[in-house]
Amino acid sequence: QQPAIACFQEFYSSTDTAYQNIEMLKKLTGMNNFYFEKSFKKKGKLFWGIATFSKFPIVKKGIVPFENKTQNACTWSDILIDSSKIIRVYNIHLQSIKLKDEEYAFIDSLSENKNANMSAGKTMLGKMKIAFQLRASQADNIAASISQSPYPVIVCGDFNDTPSSYAYTTISKNLNDAFLNTSFGIGSSYVLFLPLFRIDYILFDSHFSVNDFKTIRKKYSDHY
């Protein structure tokens with residue numbers, strides 16, 4: 001796609017294996033400026049986190065802190081578009097539910113009218129409750145940061161929640177939704193169970209207008 005700016009959630013890279021994804025992306029796209037906020041590392045050379053890449057210089061960067069310790073994150077990058085214009089890009093990965101195989105099997109059993117493992121169902125509901133609460137707190141912090149931004153704002157991310165959720169309505173307040181401005185229908189972005197859900201978003205403030213929106217429907221992961 002050769003974007004000028006790209007935001008990745010659940011980004012992975014390493015320093016001594018075949019998966020040196022930072023160098024690979026820089027080489028293939030020319031996005032030589034990046035901000036990789038590492039939320040988890042293993043053996044000092046395997047890294048997971050959230051990453052923003054840009055063909056334009058990143059002049060300042062930081063995180064929106066979350067109260068609860070989590071591998072999810074929100075970062076912001078101030079990007080110099082030309083000699084005098086700076087925009088702030090938020091890259092968001094809100095709290096995941098972290099379902100296991102038996103909980104996915106429970107969902108499948110409901111949709112296929114099979115005998116359901118109710119123990120797995122209770123565990124899943126408990127996880128969903130915790131995730132909803134954490135996402136609400138994370139969304140409050142992000143909305144507060146957006147309201148104080150000194151620059152025009154673009155928000156990209158995996159909210160792990162629907163357009164009717166507290167997280168979406170809180171973060172999207174006073175912002176436009178790129179999908180709603182250019183498209184119609186459900187706009188599903190999640191591939192696995194609940195395939196009609198839109199949980200990934202690009203939002204922007206009134207400084208910008210949107211010309212087009214496209215969902216690339218290739219099953220490279222659990223998201224389009």
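Residues numbered from 1 in each chain as written. Predicted model: local features only at pLDDT ≥ 70, side-chain atom pairs only at ≥ 80, totals over all residues. Heavy atoms only, no water.

**Quick word on the overall build of the protein**
Here is the rule we go by: For helices the rule is a DSSP run of H or I covering at least 4 residues; for strands it is a run of E covering at least 2, with both sets numbered from the N terminus onward. Here the term buried applies to any residue with accessible area under 20% of the maximum for its type, exposed to any over 50%, and partly exposed to those in between, with areas from a 1.4 Å probe on protein chains only. For this analysis, residues touch if any pair of their heavy atoms sits within 4.5 Å.
Scanning the protein from terminus to terminus reveals five helices and nine strands. Taken from N to C terminus, the helices and strands of the protein fall in the order β-α-β-β-β-β-β-α-α-β-α-β-α-β. Among the 224 residues that make up the protein, the fraction classed as buried is 43%. Counting contacts in the protein only where the partners sit at least 6 residues apart, residues at least 24 apart contribute 63% of the total.

**Points about the sheet that holds strand β9 (residues 200–204)**
To keep things clear, this is the line we draw: Two strands qualify as a pair provided DSSP detects at least 2 bridges between them.
The strand order across the open sheet formed by six strands is β4-β5-β6-β7-β9-β8, and the pairing between neighbours is mixed. A single partner strand is all that each edge strand has here, and the edge strands are β4 (58–63) and β8 (176–177). Note that strand β5 (residues 73–80) and strand β6 (residues 86–93) share eight bridges and pair antiparallel. Bridge assignment links Leu80 to a residue of β6, and that residue is Ile86.

**Observations concerning unusual backbone geometry**
Positive phi, close to 55°, is recorded for Glu10, a residue that is not glycine. Residue position: Glu10 is located in strand β1 (residues 5–14). Phi is positive for Lys43, close to 60°, though the residue is something other than glycine.

**Section: the nonpolar core**
Condition: For this analysis, a nonpolar core means a set of buried residues of the types Ala, Val, Leu, Ile, Met, Phe, Trp, Tyr and Cys, connected via side-chain atoms within 4.5 Å.
Core analysis: the largest hydrophobic core is formed by 19 residues, its most contacted members being Tyr90, Ile92, Ile142, Val155, Phe159 and Ile171. Once residues within four sequence positions are removed from consideration, Ile171 is found in contact with Ile92, Leu94, Ala139, Ile142, Ile146, Val155, Phe159 and Leu203.

**Describing the sheet that holds strand β3 (residues 46–54)**
Applied cut-off: The axes are straight lines fitted to the C-alpha atoms, using for helices just the contacting stretch, and the angles between their N-to-C directions are given from 0 to 180°.
Spatial strand order, β1-β3-β2: three strands in an open sheet with antiparallel pairing. Looking at which strands have only one partner, the edges of the open sheet turn out to be β1 and β2 (33–42). Ignoring which end each strand starts from, the neighbouring axes of this sheet average 20° apart. Sheet topology note: the β2/β3 ladder contains nine bridges and is antiparallel. Along β3, the bridge assignment pairs Lys38 with Gly49.

**Remarks on the side chain of His93**
Put simply, the rule is: Pairing of N or O atoms within 3.5 Å defines a polar contact, subject to two protein rules: one partner must be a possible hydrogen donor and the other a possible acceptor, and residues neighboring in sequence count only if both atoms are side-chain atoms.
Residue position: His93 is located in strand β6. Within the structure, the side chain of His93 is placed 3.4 Å from the side chain of Asp158, a separation counted as a polar contact. Apart from the residues within four sequence positions on either side, His93 is in contact with Gln9, Glu10, Ile50, Asn72, Ala73, Asp158 and Asn160.

That's the geometry; what it means functionally is another story.
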